[in-house]
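Geometric and topological summary
Listed below are the residues making up each chain.
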Amino acid sequence: MDQKKKGQPIEIFTERCAGCLICELRCSLRFEKAFNPSKARIRVLRLVGADTEYSVAFEADCDNCGICARHCPYEALIQAKK
Amino acid sequence: MNGYMGRILYVDLTEGRTRTEALDPEMARSFLGGWGVNARLAWDAIPPEAGALSPENAVIIGTGPFSGTIVPGSAELSITTKLPLSGGIGTSCGGGHFSLMLKASGYDHVVITGQAAHPVYLKIHNDDVELLPADDLWGRDTYETVDALRLRHEPCSIIPIGPAGENCVGVSMTFIDKGGSLGFGGLPAVMGAKNLKAVVAVLGDRPLQVADRRRLTKAVDRMMERVKSYRLRPKLIEGGTFAMTVEWLSAMGRDRASWEDIHNAVRQALACPSCPMADKEVKRLREGEFSPSTAYMTDFMGQDESSAATPLDNHNRAVNRVAVLNRLGICRINFTNVLNLMVSLYGQGILTKDQTGGMEINKDYDTVLKLVEMTARREGFGDIMADGPLGAARRLGPEAEKQANHIKGCSPFIDPRPDSMNSMAFAQIVHPGRSNYACGGIGIYMQGRPIDQFVHHAERTGMSDESISRTFTAASFEVPWLTKHAEDWYSLFNSLGQCHRLYIHRFHSMDYFLEFYGAITGEEINAAELLRRGERVWNMQKQLNVRLGFGREHDAAPELWFEPMKVGAQELPMMDYYKQKIITRTDMERMLDEYYEARGWDRDTGAPLPELLKALDLDDFTV
């Protein structure tokens, strides 16, 4: 079952993603109180056979808190305003 | 253990065995991590008598307490080994995702010894640590190796070697995840001699705890506000280091402005974990010569003729040359140095076609690429060039050796004659175990800056009032004293796991380091103590090399620096920073005396004095 959403949807602009993983690090720190990208509710994965093209997706338990979008330095994640 | 994973992985390639040991908290505290703990581990792991290419040599990989966190630019990985070009123990540092991935699998350091019976790669994924066959990867270039291993192990990070490493080429280099250059002095050759094709860190599930999450995020947020408001950041992200140097290059008469459109059109910004600057890049050549192809660039200088083997007026050719070097795993700096010597010797008739196998040695584009390939494979004359600035010259006889441009067998990065004897040029000479300019300061130190900017930077980086008054006058500064401070500051970066590149370095300061360090580890220390630990790391690295027999005589500037450089009709002698005075041999000896005094090292031997080792709690590491 999907996590109850706290905030507005987050739009993904993968072409702006530079692969810094700050979104995953911030997310894991918020949810798990520790750093580890594998514990994040957002997943940035390199496309098979690609160098710098990524798929960015949210896990079912993402609650749209927006911490990833607030801290993305490349504007690859933008949360809609209320 | 906040900030650390608390484990060291030991791998014996000969026996095919692995084991883990706890990271001693006291060792972590006193040597910080990364380069520092690597140096401490190297004291036990690399026997002084071990040859660089022998099974007894160790490859020591290290992350720092900042690695794997959100501290901006905290992706620096350090690798320490005995290097074939110098015979000294040196450390290389590079970016990429490896430090993040390794810590996520639960390790701070990896110590690899022995020699595998056949090609292998090391895969690390939590407690699943395996040596896997790499026969099918042997012979593949660095990009192909990364691509193949990504298909097997994503999400992961990879330290590969190319054909140059496999063939134990001294002028070799590797590239973490294709983009994080490291290995100056021949680290890939050490891996090749061990039959170790790659090290793969797979994203594990181990949590990295920090002492105070709120304090860390608050400090990072504060720095990120500064980063985001940096007026040149949009230009940097769009154009990379090229955008920051194009005007300067044009002013120097090199027509690079004409490249801007094509450069920006084929460029995609590439960031290491936690980095908001993304000044590395991937270039995709979609049309013209060498297209289609993809090339990773760590900076623009590799594409520029000032650091090139041959002048280039064609963008695609410039990019392709870097890609060929990187794929084969050849070090651009060391290779270019050897090539320059060979072209000169050939022109003088000291090197003849009898020795080159009938080849003409010149800087034509095709000739250079052919020589790169021959060097990487040790084919024909390339076997000689593979041995580096000093090694190659020695094989060609005493006259060639006399003309070799080297420091401890490695190429200098900076020739001070077109610029000046600044702290970065000087740092190359005194660096333990290899040559290295980056520890002597940041790029802005090279361009004749006014003295108040130096003082401001010294204050930001924690230099004490006493050191400031000893280093600076109203009109000038003592290069050896500034070098000492810059080195201690630099060793903090690499020990904490922090990137030292100019465009991220500019935001860091001692105050930020103390805040990040306190928030991550929970240990509260002041600037003097943190700098003291940087100094301890530096002296540990020094003692490793003193034990190998390195002394004052090895801290020598290349002979040719004392002759003016001829540029067209101009003659450029080596001058002091403000270009008031020519630096003579006597001046250089005086600078060395001053540097040893600043360091607390013996002027005659260049070794740390016993009282310094005691003061730094390094008296267990006397020679």
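Residues numbered from 1 in each chain as written. Chains lettered and ligands numbered in written order. Predicted model: local features only at pLDDT ≥ 70, side-chain atom pairs only at ≥ 80, totals over all residues.

1. Considering the overall build of chain A
We apply this condition: Secondary structure elements follow DSSP: runs of H or I no shorter than four residues count as helices, runs of E no shorter than two count as strands, and numbering proceeds from the N terminus. In this treatment the radius of gyration is a C-alpha quantity, and the globule benchmark scales as 2.2 Å times the residue count to the 0.38 power. Partly exposed residues are those whose C-beta has more than 12 but fewer than 20 other C-beta atoms within 10 Å; with 20 or more the residue is buried, with 12 or fewer it is exposed, and the C-beta atoms are placed from the backbone. It is the C-beta atoms, placed from the backbone, that decide contacts: two residues are in contact if theirs lie within 7 Å.
Looking only at helices and strands, one finds two helices and four strands in chain A. Traced from its N-terminal end to its C-terminal end, chain A shows the element sequence β-α-β-β-α-β. The C-alpha radius of gyration of chain A comes to 12 Å, within 12% of the 12 Å expected for a compact globule of 82 residues. Oriented by its inertia axes, the alpha-carbon framework of chain A measures out at about 35 × 30 × 25 Å. Every one of the 82 residues in chain A was classed for burial, and the buried ones make up 41%. Here the analysis covers contacts within chain A between residues at least 6 apart in sequence; of these, 59% occur between residues at least 24 apart.

2. Points about helix α11 (residues 332–348) of chain B
Residues and elements named next belong to chain B. Here is the rule we go by: Multiplying 1.5 Å by the residue count of a helix minus one yields the expected span of that helix.
Taking 1.5 Å per residue, 17 residues should reach 24 Å; α11 reaches 24 Å between its end C-alpha atoms and fits that length. Turning to α11, its buried residues number three or more, namely R332, N334, F335, T336, N337, V338, L339, L341, M342 and L345. Its buried side turned inward, α11 meets α10 (315–328), α13 (365–377), α14 (382–385), α15 (388–395) and α16 (398–402). One or two positions beyond α11, positive phi appears at G349, with a value near 80°.

3. Quick look at the domain arrangement of chain B
All names here are of chain B. What counts, and what does not: For each domain, the first and last residues come from an automatic or database assignment. Side-chain classes follow a simple rule in which Ala, Val, Leu, Ile, Met, Phe, Trp, Tyr, Cys and Pro form the nonpolar group, Asp, Glu, Lys and Arg form the charged group, and the remainder, Gly included, forms the polar group.
Taken as a whole, chain B is organised into domain 1 (7–202), domain 2 (230–328), domain 3 (332–402) and domain 4 (423–621). Across the boundary between the two partners, domain 1 contributes eight residues, which contact 11 residues of domain 3. Of the residues in the side of domain 1 that touches domain 3, the class split is five nonpolar, three polar and no charged.

4. With respect to the nonpolar core
All names here are of chain B. Basically, it comes down to this: As used throughout, a nonpolar core is a set of buried Ala, Val, Leu, Ile, Met, Phe, Trp, Tyr and Cys residues joined through C-beta atoms within 7 Å of each other.
Membership of the largest hydrophobic core comes to 210 residues, with the highest contact counts inside it found for V200 and I330. Per-element accounting of this core gives the leading share, nine residues, to helix α20 (residues 479–496). Beyond its immediate sequence surroundings of up to four residues, I330 is in contact with A164, V171, S172, M173, L325, F335, V372, T375 and A376.

5. Thoughts on the sheet that holds strand β7 (residues 120–125) of chain B
All names here are of chain B. Which entries qualify depends on this criterion: Paired strands are those between which DSSP finds at least two bridges. Each axis is a line fitted through C-alpha atoms, and for a helix only the stretch in contact is used; angles between axes span 0 to 180 degrees, taken between their N-to-C directions.
Strand order in the open sheet formed by four strands is β8-β7-β12-β9, with mixed pairing between adjacent strands. Of all the strands in the sheet, just β8 (128–133) and β9 (156–160) have a single pairing partner and so form its edges. Along the sheet, successive strands turn relative to each other by an average axial angle of 15°, direction set aside. Two strands pair when backbone bridges link them, and β7 and β8 are joined in this way by six bridges, in the antiparallel orientation. For Y121, the partnering residue across the bridge sits in β8 and is L132.

6. Some remarks on the sheet that holds strand β14 (residues 280–285) of chain B
Residue and element names in this part refer to chain B. If you walk across this open sheet you meet the three strands as β13-β14-β15, and the pairing is antiparallel. The outermost strands of the open sheet, each flanked by one partner alone, are β13 (267–270) and β15 (293–297). Averaged over all adjacent pairs, the angle separating strand axes in this sheet is 20°, with direction ignored. Taken together, the four bridges between β13 and β14 define a ladder with antiparallel strand orientation. Note on β14: the bridge partner recorded for R267 is K283.

7. A closer look at the environment of L41 of chain B
Residue and element names in this part refer to chain B. Looking at the secondary structure, you find L41 in helix α2 (residues 34–45). A sequence separation of 463 residues divides L41 from I504, and the C-alpha atoms of the two residues are 29 Å apart. Beyond its immediate stretch of four places on either side in the chain, L41 contacts I60, H109 and V111.

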